[in-house]
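# Close look at the chain arrangement
Now for the letters of each chain:
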Amino acid sequence: MTLLEISDLSVRYLKSSQWALEGVNFLGKKEELTIVAGPSGCGKSTLAQAILGLIPAFIEAEILGKIKIMGKLLEELSRKDIIQFLGYVPQYPADFTINLLVEEEIAFSLENLAYPRNEIQSCIVDILDQLEISHLRYRLITELSSGELQRVALATAIAPRPPILIFDEPMARIDPKSEITLARILYNLAQNGHLVIAFEHRLDYLLPLADRIVILENGKVIADGKPRSLLDSIKHVDLPEVSELNWQDITQQPLSINEAKRHLLKHFSEI
Amino acid sequence: MITISIKDLSFHYPGTKNYILKSFSWEREKPGMIGLLGTNGCGKTTLLRLMTRSLTPTQGSISYKNGDKKDFKRETNIVYVPENARLFLVGPTPQKDLNRIIKDQNHVDVLLKRFNFTNLAEKKLYHLSEGQRRLIAIFIAFQIQSRLLLLDEPTIGLDARGRELLFHLLDQAKHQGKIVIVSTNDSRVFPQLDELIVIHKGTLFLQGSPREILFELEKKTELIPNQIVRLITSLEEEISQKIPHCLTSEEFNRILHDNRLF
């Protein structure tokens, strides 16, 4: 099922002569973990903000092309529809918090969608548990470190279970062990029927789990497909460290540590 | 040459009794690149802010010595780039920010050209992406004639090229005799550093060179090293045999090509 359909999307910021995005086409399906990668300034955040309608609602820009969410044109959706269909974590979650306590922050969007009180409470417990941050529940938002806040922002976006989840650099600020957990969480969300789009540089643990990677360069999509088939194009963006390994007689590059280990053991047992 | 000495440092934010740092002591005399590691919320950013003196220690002290000279003006000698790099830049363009530090326009032009920033230099800061802004902020921070440079999560939003540039600048700064302290969760930065400090529950838990620390990290802490180190550790476990320890994929490739894995 197609949840998100972008056709011929071009975006040009006001007073800018260059197009930030040019002719982007994208079909996003249910149960898909997609990574959008590309060099700094290639248009990743612009694409994320355009899908949410933040461009042009907050940031003025000229927009060509169409964005359809759940089969409806973005401009025809009400604000309530957008909140229900899309979950979003921006690059700087700290700019978007509104409450004092972590649990209030997570409850906020649920309250606005008129969830019953007991459902909100159980939802808070579930989501904190899922993201392994139950210990943060009664902490003050202002006291959190940036990495903790990042995970609270993810919880807030995921709590109402919107079908489409858009994360702008979800792995930033996260410590390496939590990075592995988080990659697994994003994968599970996709498995459970969400379309998860992660705009990300840190691909070490996320790429092996992704169904698809879209590579942007200068506002254009230059590659789109299964991660393994595109390792050559990702080289210029960022490869997982183990994919940078190369040895004779093995053409297929590893994506994960386990794959690399298997390849290595096989190769050296043959010598 | 600058010496930093942190003695018995403890800190909690006013209004709370929750100590973020407890009896933290550390000293550094030699120039170099130092990494602060620790799980989210362990006190990395707080330590950096204490070093800039924008926070005051609850107990203990942080002192700086500038060679034999007694005076150490922190305003001119410490540069801090916060995680939100927007706060570091003034604008309206990267060029204007650079001009505030380097008066000689020719020098500015040469720098911009050498580091491939010419096309970004004239753009308004709000037209740049987060990653570009961070890269520019870091680049400018390195141009300031300081002794101590503190970078909070410098790799967020940086692509492979940006990270290369960061490593290059770090190296250059070391040769200029600076101490650079990088708080980071990006495991790819770990191998590039001279010294790693692992903070755990507010105290200094491990300290040493990446080669010593990274191979111990997973066993001793809640942190994990970069992928190559993990690969080597897990290979060693599987075949119960020592294999050469290295930190980066380039080093490992060299070992693979020489076929001297076992």
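Residues take numbers from 1 onward in each chain, read along the sequence in its written order. Lettering for chains starts from A, numbering for ligands starts from 1, and both go in the order in which the items are written. Given that this is a predicted model, residues contribute local features only at a pLDDT of at least 70 and side-chain atom pairs are listed and counted only at 80 or more, while totals for whole chains, interfaces and linings are drawn from all residues.

### What to know about the overall build of chain B
The condition that has to hold: Only runs of H or I of at least four residues qualify as helices and only runs of E of at least two qualify as strands under DSSP, and these elements are numbered from the N terminus. With the radius of gyration taken over C-alpha atoms, the globule rule is written as 2.2 Å times the number of residues to the power 0.38. Burial is judged by counting the other C-beta atoms within 10 Å of a residue's own C-beta: 20 or more makes it buried, 12 or fewer makes it exposed, and any count in between marks it as partly exposed, with every C-beta position built from the backbone. This entry defines residue contacts through backbone-placed C-beta atoms, with two residues in contact when those atoms are within 7 Å.
For chain B, the helix and strand inventory stands at ten helices and nine strands. The globule rule puts the C-alpha radius of gyration for 262 residues at 18 Å, and the 20 Å found for chain B is close to it. Principal-axis analysis of the C-alpha atoms gives chain B an extent of 60 × 50 × 35 Å. A buried classification covers 41% of the 262 residues belonging to chain B. Across chain B, the fraction of contacts at a sequence separation of at least 24, relative to all contacts at a separation of at least 6, is 64%.

### Looking at the sheet that holds strand 9 (residues 212–217) of chain A
Residue and element names in this part refer to chain A. Defined as follows: For two strands to pair, DSSP has to find at least two bridges joining them. Note on geometry: axes are C-alpha line fits, over the in-contact stretch for helices, and angles between N-to-C directions span 0 to 180 degrees.
Here we have six strands laid out as an open sheet, ordered 6-7-8-3-9-10, and mixed in their pairing. Single-partner strands in this sheet number two, and they are strand 6 (86–89) and strand 10 (220–225). Looking at each pair of strands side by side, their axes are set apart by 15 degrees on average, direction ignored. As paired elements, strand 6 and strand 7 (residues 164–168) share four bridges and run parallel to each other. Its bridge partner being in strand 7, Gly 87 is matched across the sheet by Leu 165. Relative to the sheet, helix 1 (residues 44–51) contacts strand 3 (32–37), strand 7, strand 8 (195–199) and strand 9, its axis offset from that of strand 7 by approximately 150 degrees.

### A word on the interface of chain B and chain A
For clarity, the threshold we go by: Residues are grouped as follows: Ala, Val, Leu, Ile, Met, Phe, Trp, Tyr, Cys and Pro are nonpolar; Asp, Glu, Lys and Arg are charged; all remaining types, including Gly, are polar.
Counting from both sides, the interface comprises 44 residues of chain B and, opposite them, 41 residues of chain A. Elements that contribute at least two residues to the side of chain B that touches chain A include exactly helix 6 (130–143), helix 7 (160–175), helix 9 (227–239) and helix 10 (249–257) of chain B. Considering only residue class, the side of chain B that touches chain A consists of 15 nonpolar, 19 polar and ten charged.

### Focus on the sheet that holds strand 4 (residues 59–66) of chain B
Residues and elements named next belong to chain B. Sheet architecture is open: three strands sit in the order 2-1-4, paired in antiparallel fashion. Since the sheet does not close on itself, it has two edges, and those belong to strand 2 (21–28) and strand 4, each with one partner. Mean inter-strand twist for the sheet, computed between neighbouring axes without regard to direction, equals 10 degrees. Two strands pair when backbone bridges link them, and strand 1 (residues 2–11) and strand 4 are joined in this way by seven bridges, in the antiparallel orientation. Across the sheet, residue Ile 4 finds its bridge partner in strand 4, namely Tyr 64.

### Digging into the pairing of strand 1 (residues 2–13) of chain A
Residue and element names in this part refer to chain A. As paired elements, strand 1 and strand 2 (residues 21–29) share six bridges and run antiparallel to each other. Paired with Thr 2 across the bridge in strand 2 is Lys 29. As paired elements, strand 1 and strand 4 (residues 61–69) share eight bridges and run antiparallel to each other. Its bridge partner lying in strand 4, Tyr 13 is registered against Ala 61.

### Digging into helix 7 of chain B
Residue and element names in this part refer to chain B. Quick reminder of the rule: By this rule the span expected of a helix is its residue count minus one, scaled by 1.5 Å. The arc under discussion is defined with respect to the helix axis, by the directions toward the C-beta atoms.
The first and last C-alpha atoms of helix 7 sit 23 Å apart over 16 residues, in line with the 22 Å expected at 1.5 Å per residue. Looking only at helix 7, the buried set comprises Gly 162, Leu 166, Leu 169 and Leu 170. Around the axis of helix 7, the buried residues are gathered within 105 degrees of arc, so they sit on the same side. Summarising the geometry of helix 7, the exposed residues directed more than 90 degrees from the buried face are Glu 164, His 168, Gln 172 and His 175. Where helix 7 is buried, its residues touch strand 3 (32–37), helix 6 and strand 7 (179–183). After helix 7 finishes, the residue Gly 177 shows a positive phi value of roughly 85 degrees.

### Examining the packing of helix 3 (residues 94–101) of chain B against helix 6 of chain B
All names here are of chain B. Threshold: An angle counts as roughly parallel when it lies under 35 degrees, as roughly antiparallel when it exceeds 145, as roughly perpendicular when it falls between 65 and 115, and as oblique in every other case.
Orientation of helix 3 relative to helix 6, taken along the N-to-C sense of each, is 10 degrees, at an axis distance of 10 Å. For the element pair helix 3 / helix 6, the angle class is roughly parallel. Here Pro 94, Asp 97, Leu 98 and Ile 101 of helix 3 come into contact with helix 6, specifically with Ile 136, Ile 140 and Gln 143. Across the contact of helix 3 with helix 6, the residue classes break down as five nonpolar, one polar and one charged.

### Overview of the packing of helix 8 (residues 210–220) of chain B against helix 9 of chain B
All names here are of chain B. Which entries qualify depends on this criterion: A clockwise turn of the near helix away from the far one marks a right-handed crossing, whereas an anticlockwise turn of less than a right angle marks a left-handed crossing.
In contact at an axis separation of 10 Å, helix 8 and helix 9 are set at 70 degrees when each is read in the N-to-C sense. Considering the angle they form, helix 8 stands roughly perpendicular to helix 9. Crossing of helix 8 against helix 9: the hand is right-handed. Between helix 8 and helix 9, the residues in contact are Leu 214, Phe 215 and Glu 218 and Val 229, Arg 230 and Thr 233, respectively. Classifying every residue of the contact of helix 8 with helix 9 by side-chain character gives three nonpolar, one polar and two charged.

### Details of the nonpolar core
A general tendency of soluble globular proteins is for nonpolar side chains to be buried together. What counts here: In plain words, the nonpolar core is the set of buried Ala, Val, Leu, Ile, Met, Phe, Trp, Tyr and Cys residues that C-beta atoms within 7 Å link up.
Membership of the largest hydrophobic core comes to 77 residues, with the highest contact counts inside it found for A:Ile35, A:Ala155, A:Ile166, A:Leu186, A:Val196 and A:Leu206. Among the elements that take part in this core, helix 6 (residues 146–158) of chain A stands out by supplying seven residues, more than any other. If we ignore the near neighbours within four places in the chain, the residues touching A:Ile166 are A:Ala48, A:Ile51, A:Leu52, A:Leu86, A:Gly87, A:Tyr88 and A:Ile197. Formed by 68 residues, the second largest nonpolar core is a distinct cluster that contains B:Leu21, B:Leu50, B:Val198 and B:Leu231.

### Things to note about the confidence of the model for chain B
The condition is simple: For every residue, the pLDDT score states the predictor's confidence, bounded by 0 at the bottom and 100 at the top.
Per-residue pLDDT for chain B has a mean of 91; in total, 98% of the residues score no lower than 70. Interface confidence for the predicted complex, given as ipTM, is 0.88, next to a pTM of 0.92.

### Observations regarding unusual backbone geometry
Keep in mind that most residues, glycine aside, have a negative phi and that most peptide bonds are trans. The residue after A:Ile55, namely A:Pro56, is reached through a cis peptide bond having omega 10 degrees. Relative to the assigned elements, A:Pro56 resides in helix 2 (residues 54–57). A cis amide bond links B:Gly91 with the next residue in sequence, B:Pro92, at an omega value of 5 degrees. Of note, B:Pro92 is situated in the loop between strand 5 (78–81) and helix 3.

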